[in-house]
Amino acid sequence: MRPPSRRRCFIRRDFRTPPSREPAIRVNNLIRAQEVRVIDADGSQIGILPLREAIKVAEGRGLDLVEVSSTATPPVCRVTDFDKYRYAQKKKSHDSKKHTISMIKEVKMGSATGKHDVDFKVNHIKRFVGEGHRVKLTVSFRGRAITHPELGRALIERIIAQVTDIAQAEGTPRMEGRNMSVLLTPR
């Protein structure tokens, strides 16, 4: 009986870091332009300088020369600490993602919904609008209730009157199949 063969299995591993999703920020000697517009750390303009001279100005202050706008002619560079600049950019993009989220919340009810249930839904609408969301108010008609759309329109008008201090209606209530809806936005 022969012993099992010992075949070597080679696994190719790539230890390089994956490419970054954010655009590369050029710093000091990585800047490609011959002349750059230089902005000081306090925000004042130094002027248009050759690249080598601009790097010497930044190194003389113990800071980096960071390319802020590569599309301008000449490119705009700022004298700043690169780590602080990168941290500020990351913080800024994170905050912008957080603030741009605005959802459309939908509040549904039937055309024959009782007063207490309507008041309960109005409190939901006030909370959503208070959080900065837009609210789609939908009244659905079931069965033969579709023959009386004026009841749904009256219900929507009554709700709009209750939330008029914090929200405003975009347009008038309109029918969409068996539903009547209107969009409420914060004032």
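Residues numbered from 1 in each chain as written. Predicted model: local features only at pLDDT ≥ 70, side-chain atom pairs only at ≥ 80, totals over all residues. Heavy atoms only, no water.

Help me understand the nonpolar core, please; the structure alone is not making it clear to me.
A general tendency of soluble globular proteins is for nonpolar side chains to be buried together. Among the nonpolar cores identified, the biggest contains 20 residues, and Met-109, Ile-125, Leu-137, Ile-159 and Leu-184 are the most heavily contacted of them. Going through the elements one at a time, strand 5 (104-110), helix 3 (115-130), strand 6 (134-140), helix 4 (149-162) and strand 8 (179-186) are the ones with two or more residues in this core. Of all the elements, helix 3 adds the most residues to this core, at five residues. Met-109 has contacts with Val-118, Lys-121, Leu-137, Thr-138, Val-139, Ser-140, Leu-155 and Ile-159, leaving out every residue within four places of it along the chain. (Core = buried A, V, L, I, M, F, W, Y, C linked by side-chain atoms within 4.5 Å. Buried < 20%, exposed > 50% of the residue type's maximum accessible area, 1.4 Å probe, protein only. Helix = DSSP H or I, 4+ residues; strand = E, 2+ residues; numbered from the N terminus. Contact = heavy atoms within 4.5 Å.)

What is the right way to read the sheet that holds strand 3 (residues 64-69) from this model?
What holds strands together in a sheet is hydrogen bonding between their backbones, with the strands either parallel or antiparallel. With respect to topology, four strands assemble into an open sheet ordered 2-1-4-3, the strand pairing being mixed. At either end of the open sheet lies a strand with only one pairing partner, and these are strand 2 (45-50) and strand 3. For this sheet, the mean inter-axis angle between neighbouring strands, taken without regard to orientation, is 35°. Here strand 1 (residues 35-39) pairs with strand 4 (residues 76-80) via three bridges, running parallel. (Pairing = 2+ DSSP bridges. Axes fitted to C-alpha atoms, helices over the stretch in contact; angles between N-to-C directions.)

Is there a simple way to explain the packing of helix 3 against helix 4 in this structure?
Two measures define how a pair of helices packs: the angle their axes make with one another and the distance between the axes. Contact geometry for helix 3 and helix 4: axes closest at 10 Å, N-to-C directions at 50°. The angle between helix 3 and helix 4 falls in the class oblique. As helix 3 runs across helix 4, the sense of the crossing is right-handed. Every residue of helix 4 that contacts helix 3 at Val-118, Asp-119, Val-122, Ile-125 and Lys-126 is listed here: Leu-155, Ile-159 and Gln-162. (Parallel < 35°, antiparallel > 145°, perpendicular 65-115°, else oblique. Left-handed = near helix turned anticlockwise from the far one by under 90°.)

Whenever I open this one, unusual backbone geometry confuses me. Can you help?
Among all residues except glycine, the phi angle is most often negative; among peptide bonds, the trans geometry is most common. Note the cis peptide between Thr-73 and Pro-74, where omega equals -10°. You can see Pro-74 is positioned in the loop between strand 3 and strand 4. Of note in this structure, Asn-28 is not a glycine but carries a positive phi near 45°.

Where do I start with the sheet that holds strand 5 in this structure?
Here four strands make up an open sheet; going across it, the order is 5-6-8-7 and the pairing mixed. Each edge of the sheet is formed by a strand with only one pairing partner; in this case those strands are strand 5 and strand 7 (167-176). Strand after strand, the sheet turns through a mean of 20° between neighbouring axes, direction not considered. With six bridges connecting them, strand 6 and strand 8 associate as antiparallel partners. Its bridge partner lying in strand 8, Val-135 is registered against Leu-184. On the sheet, helix 3 packs against strand 5, strand 6, strand 7 and strand 8 and is oriented at approximately 175° with respect to strand 5.

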